[in-house]
Amino acid sequence: MTSLELEALLGLLGHARHIVIGTDSSSRPDAARIAEAWGGPVLATVTWPETAASWLRQARRFATPEPEAWVVSATPAGWAGMARRLLLSTAWSPHRTFATAALAGYPLPGLRGAHADGTTWETR
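In what follows, the accompanying structure is described. No experiment lies behind these values; they were computed from the predicted model shown.

Analysis parameters
Residues numbered from 1 in each chain as written. Predicted model: local features only at pLDDT ≥ 70, side-chain atom pairs only at ≥ 80, totals over all residues. Heavy atoms only, no water. Helix = DSSP H or I, 4+ residues; strand = E, 2+ residues; numbered from the N terminus. Expected span 1.5 Å × (residues − 1). Buried < 20%, exposed > 50% of the residue type's maximum accessible area, 1.4 Å probe, protein only. Contact = heavy atoms within 4.5 Å. Pairing = 2+ DSSP bridges. Axes fitted to C-alpha atoms, helices over the stretch in contact; angles between N-to-C directions.

## A word on helix H4 (residues 76-89)
- In this model H4 runs 20 Å from its N-terminal to its C-terminal C-alpha over 14 residues, within 8% of the 20 Å that 1.5 Å per residue would give.
- Within H4, burial applies to Gly-78, Trp-79, Gly-81, Met-82, Ala-83 and Leu-86.
- Buried residues along H4 sit in contact with strand S1 (19-24), strand S2 (42-48), helix H3 (56-63) and strand S3 (69-73).

Spelled out as structure tokens, the structure:
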């Protein structure tokens, strides 16, 4: 994650008072950078494997605190199963979710994020 990407991602979070951070195993360092830079309350940090039987346990931990915003740092492969489980089994909303550049263009309407150059994106 670039410094410009991190700055843009924090800008997208706006005036959120608290967040939940989600990450796959390979993206943990970026998730840690986000938490440190955020500086506000992180209600939970949830890590999930790229492959799992159902991701149900992780999805519930990710969605349950009902933060003002969710932040995702994951690879497309690591996010695919988790996103599917979130949609099927929780009240999670992609419209309150912000992601790193790796998920730019991920086919989930409402998902927003930052590119490495600091510009932002939104999936429609």
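## Quick word on the sheet that holds strand S5 (residues 112-114)
- Spatially, six strands are ordered S2-S1-S3-S4-S5-S6 in an open sheet, and the strand pairing comes out mixed. The open sheet has two edge strands with one neighbour each: S2 and strand S6 (120-122). Strand-to-strand twist in this sheet, taken as the mean axis angle between neighbours without regard to direction, amounts to 20°.
- Sheet analysis places S3 next to strand S4 (residues 97-99), joined by three bridges and oriented parallel. The partner of Val-72 across the bridge, within S4, is Ala-99.
- Against the sheet, helix H2 (residues 28-38) touches S1, S2 and S3, its axis set at about 165° to S1.

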